[in-house]
Amino acid sequence: MNDDPFLPDYGLYLLKKGVRPETRLMFFDLPISHLTRPALRTVSITLSTEEAGQNYAISFDFTGPRIDDLLEAFPESPRERLWRWLENPATVGDHLEFSPSATVGVVEATLGTVQQGLYERFVPLIVQRVTV
(Lines give C-alpha, C1' and ligand atoms only; values in the text may rest on other atoms or scores of the structure.)
Protein backbone atom coordinates (compact mmCIF):
# COMPACT_ATOMS: atom_id res chain seq x y z
CA MET A 1 0.00 0.00 0.00
CA ASN A 2 1.27 3.46 -0.91
CA ASP A 3 0.99 6.01 1.92
CA ASP A 4 2.17 8.89 -0.29
CA PRO A 5 -0.61 11.54 -0.34
CA PHE A 6 0.55 12.85 -3.74
CA LEU A 7 -0.23 11.47 -7.15
CA PRO A 8 2.79 10.77 -9.33
CA ASP A 9 3.68 13.69 -11.59
CA TYR A 10 2.61 13.52 -15.23
CA GLY A 11 5.47 15.71 -16.47
CA LEU A 12 8.04 13.38 -14.88
CA TYR A 13 6.18 10.43 -16.38
CA LEU A 14 6.36 11.99 -19.85
CA LEU A 15 10.10 12.68 -19.49
CA LYS A 16 10.73 9.08 -18.40
CA LYS A 17 8.72 7.85 -21.41
CA GLY A 18 11.08 9.80 -23.69
CA VAL A 19 8.86 12.74 -24.62
CA ARG A 20 11.16 15.54 -25.76
CA PRO A 21 10.80 18.89 -23.96
CA GLU A 22 10.03 20.75 -27.20
CA THR A 23 7.14 18.41 -28.11
CA ARG A 24 3.86 20.32 -28.34
CA LEU A 25 1.27 18.57 -26.15
CA MET A 26 -2.44 19.36 -26.61
CA PHE A 27 -5.07 19.30 -23.86
CA PHE A 28 -8.77 19.94 -24.36
CA ASP A 29 -11.61 21.30 -22.18
CA LEU A 30 -9.62 21.90 -19.01
CA PRO A 31 -11.80 22.84 -16.02
CA ILE A 32 -10.32 25.72 -14.01
CA SER A 33 -11.61 26.05 -10.45
CA HIS A 34 -8.44 27.28 -8.76
CA LEU A 35 -5.24 29.14 -9.49
CA THR A 36 -1.90 29.18 -7.71
CA ARG A 37 0.57 32.01 -8.01
CA PRO A 38 4.07 30.56 -7.52
CA ALA A 39 5.88 33.68 -8.81
CA LEU A 40 5.13 37.27 -9.80
CA ARG A 41 4.54 36.57 -13.48
CA THR A 42 3.37 32.96 -13.28
CA VAL A 43 -0.07 31.46 -12.66
CA SER A 44 -0.43 27.70 -12.27
CA ILE A 45 -3.25 25.21 -12.31
CA THR A 46 -3.00 21.63 -11.12
CA LEU A 47 -5.37 18.93 -12.30
CA SER A 48 -5.37 15.16 -12.42
CA THR A 49 -5.21 13.04 -15.53
CA GLU A 50 -5.22 9.33 -16.22
CA GLU A 51 -2.94 7.36 -18.48
CA ALA A 52 -2.85 3.55 -18.79
CA GLY A 53 -5.00 3.14 -15.66
CA GLN A 54 -2.75 5.35 -13.48
CA ASN A 55 -3.83 8.74 -12.11
CA TYR A 56 -1.27 11.56 -12.29
CA ALA A 57 -1.05 15.14 -11.06
CA ILE A 58 -0.49 17.54 -13.94
CA SER A 59 0.47 21.18 -13.52
CA PHE A 60 0.33 23.93 -16.12
CA ASP A 61 2.29 27.18 -15.84
CA PHE A 62 0.90 30.26 -17.57
CA THR A 63 3.30 33.18 -18.02
CA GLY A 64 3.20 36.59 -19.71
CA PRO A 65 0.47 36.92 -22.35
CA ARG A 66 -0.71 33.35 -21.65
CA ILE A 67 -2.11 34.66 -18.34
CA ASP A 68 -4.25 37.12 -20.32
CA ASP A 69 -5.40 34.27 -22.56
CA LEU A 70 -6.30 32.14 -19.52
CA LEU A 71 -8.35 34.91 -17.92
CA GLU A 72 -10.41 35.27 -21.11
CA ALA A 73 -12.07 31.98 -20.12
CA PHE A 74 -13.78 33.73 -17.18
CA PRO A 75 -16.87 35.94 -17.18
CA GLU A 76 -16.15 39.65 -16.69
CA SER A 77 -16.89 39.92 -12.95
CA PRO A 78 -14.62 37.07 -11.78
CA ARG A 79 -12.01 38.14 -14.35
CA GLU A 80 -11.80 41.59 -12.73
CA ARG A 81 -11.37 39.97 -9.30
CA LEU A 82 -8.62 37.73 -10.69
CA TRP A 83 -6.80 40.72 -12.20
CA ARG A 84 -6.85 42.51 -8.81
CA TRP A 85 -5.46 39.35 -7.20
CA LEU A 86 -2.69 39.14 -9.82
CA GLU A 87 -1.80 42.83 -9.54
CA ASN A 88 -1.16 42.47 -5.80
CA PRO A 89 2.49 41.43 -5.21
CA ALA A 90 1.48 40.14 -1.75
CA THR A 91 -0.49 37.27 -3.34
CA VAL A 92 2.64 35.48 -4.62
CA GLY A 93 2.46 32.00 -3.12
CA ASP A 94 -1.31 32.17 -2.69
CA HIS A 95 -3.92 29.71 -3.89
CA LEU A 96 -7.31 30.99 -5.04
CA GLU A 97 -10.40 28.78 -5.43
CA PHE A 98 -13.60 29.95 -7.08
CA SER A 99 -16.96 28.77 -8.26
CA PRO A 100 -18.32 28.36 -10.84
CA SER A 101 -15.30 27.04 -12.66
CA ALA A 102 -14.26 28.14 -16.14
CA THR A 103 -13.28 25.90 -19.03
CA VAL A 104 -10.31 26.46 -21.29
CA GLY A 105 -10.95 24.91 -24.70
CA VAL A 106 -7.42 24.08 -25.86
CA VAL A 107 -4.07 24.33 -24.10
CA GLU A 108 -0.88 23.68 -26.03
CA ALA A 109 2.12 23.11 -23.74
CA THR A 110 5.68 21.86 -23.66
CA LEU A 111 7.55 20.18 -20.82
CA GLY A 112 9.34 22.47 -18.40
CA THR A 113 12.35 21.57 -16.31
CA VAL A 114 12.40 19.33 -13.26
CA GLN A 115 11.43 21.34 -10.16
CA GLN A 116 11.79 20.47 -6.50
CA GLY A 117 8.64 21.40 -4.60
CA LEU A 118 8.21 21.39 -0.87
CA TYR A 119 7.33 17.68 -0.84
CA GLU A 120 8.11 16.28 -4.28
CA ARG A 121 9.80 16.64 -7.65
CA PHE A 122 7.68 17.59 -10.64
CA VAL A 123 7.84 18.90 -14.20
CA PRO A 124 5.33 21.63 -14.99
CA LEU A 125 3.91 21.93 -18.47
CA ILE A 126 4.69 25.37 -19.85
CA VAL A 127 1.69 26.77 -21.71
CA GLN A 128 2.54 27.99 -25.20
CA ARG A 129 -0.96 28.70 -26.51
CA VAL A 130 -4.46 28.97 -25.06
CA THR A 131 -7.76 28.89 -26.95
CA VAL A 132 -10.86 29.72 -24.95
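Residues numbered from 1 in each chain as written. Predicted model: local features only at pLDDT ≥ 70, side-chain atom pairs only at ≥ 80, totals over all residues. Heavy atoms only, no water.

(A) A look at the environment of Val 43. Inspection of the secondary structure assignment puts Val 43 in strand β2 (residues 42-51). With 52 residues separating them along the chain, Val 43 and His 95 place their C-alpha atoms 9.7 Å apart. Setting aside residues up to four positions removed in sequence, Val 43 forms contacts with Leu 35, Thr 36, Pro 38, Phe 60, Asp 61, Phe 62, Ile 67, Leu 70 and Leu 86. (Helix = DSSP H or I, 4+ residues; strand = E, 2+ residues; numbered from the N terminus. Contact = heavy atoms within 4.5 Å.)

(B) Fine view of the sheet that holds β2. Strand order in the closed barrel formed by 5 strands is β1-β2-β3-β7-β4, and the pairing between neighbours is mixed. Pairs of neighbouring strands in the sheet enclose a mean axial angle of 55°, with direction left out of account. Taken together, the 2 bridges between strand β1 (residues 25-39) and β2 define a ladder with antiparallel strand orientation. When the bridges of β2 are listed, Thr 36 appears paired with Ser 44. Contacting β1, β2 and β4 (95-111), helix α3 (residues 76-87) crosses the sheet at an angle of about 75° to β4. (Pairing = 2+ DSSP bridges. Axes fitted to C-alpha atoms, helices over the stretch in contact; angles between N-to-C directions.)

(C) Geometry of unusual backbone geometry. The omega torsion across Ser 99 and Pro 100 is 0°, close enough to zero to call that bond cis. With a phi close to 50°, Asp 29 is a non-glycine residue in the positive phi region. By secondary structure assignment, the location of Asp 29 is in strand β1. Unlike most non-glycine residues, Ala 52 shows phi in positive territory, near 50°. Structurally, Ala 52 is set in the loop between β2 and β3 (54-63). The class of Ala 52 is exposed, set by a relative accessible area of 81%. (Buried < 20%, exposed > 50% of the residue type's maximum accessible area, 1.4 Å probe, protein only.)

(D) Up close: a nonpolar patch on the surface. A contiguous nonpolar surface patch, about 400 Å² in accessible area, is contributed by Phe 6, Leu 118 and Tyr 119. Inspection of the secondary structure puts Leu 118 in the loop between β5 (115-116) and β6 (121-122). (Patch = residues over 30% accessible without salt bridge, like charges linked within 9 Å, V, L, I, M, F, W, Y side chains within 5 Å. Areas by Shrake-Rupley, 256 points an atom, 1.4 Å probe, with all protein chains shown as cover. Salt bridge = Lys/Arg side-chain N within 4 Å of Asp/Glu carboxyl O.)

(E) Region of the structure containing α3. Compared with an ideal rise of 1.5 Å per residue, which puts 12 residues at 16 Å, α3 spans 16 Å between its outermost C-alpha atoms and is within 8% of the ideal. Looking at the buried residues of α3, the elements they touch are β1, β2, α2 (65-71) and β4. (Expected span 1.5 Å × (residues − 1).)

Read these as spatial facts, not as claims about activity.
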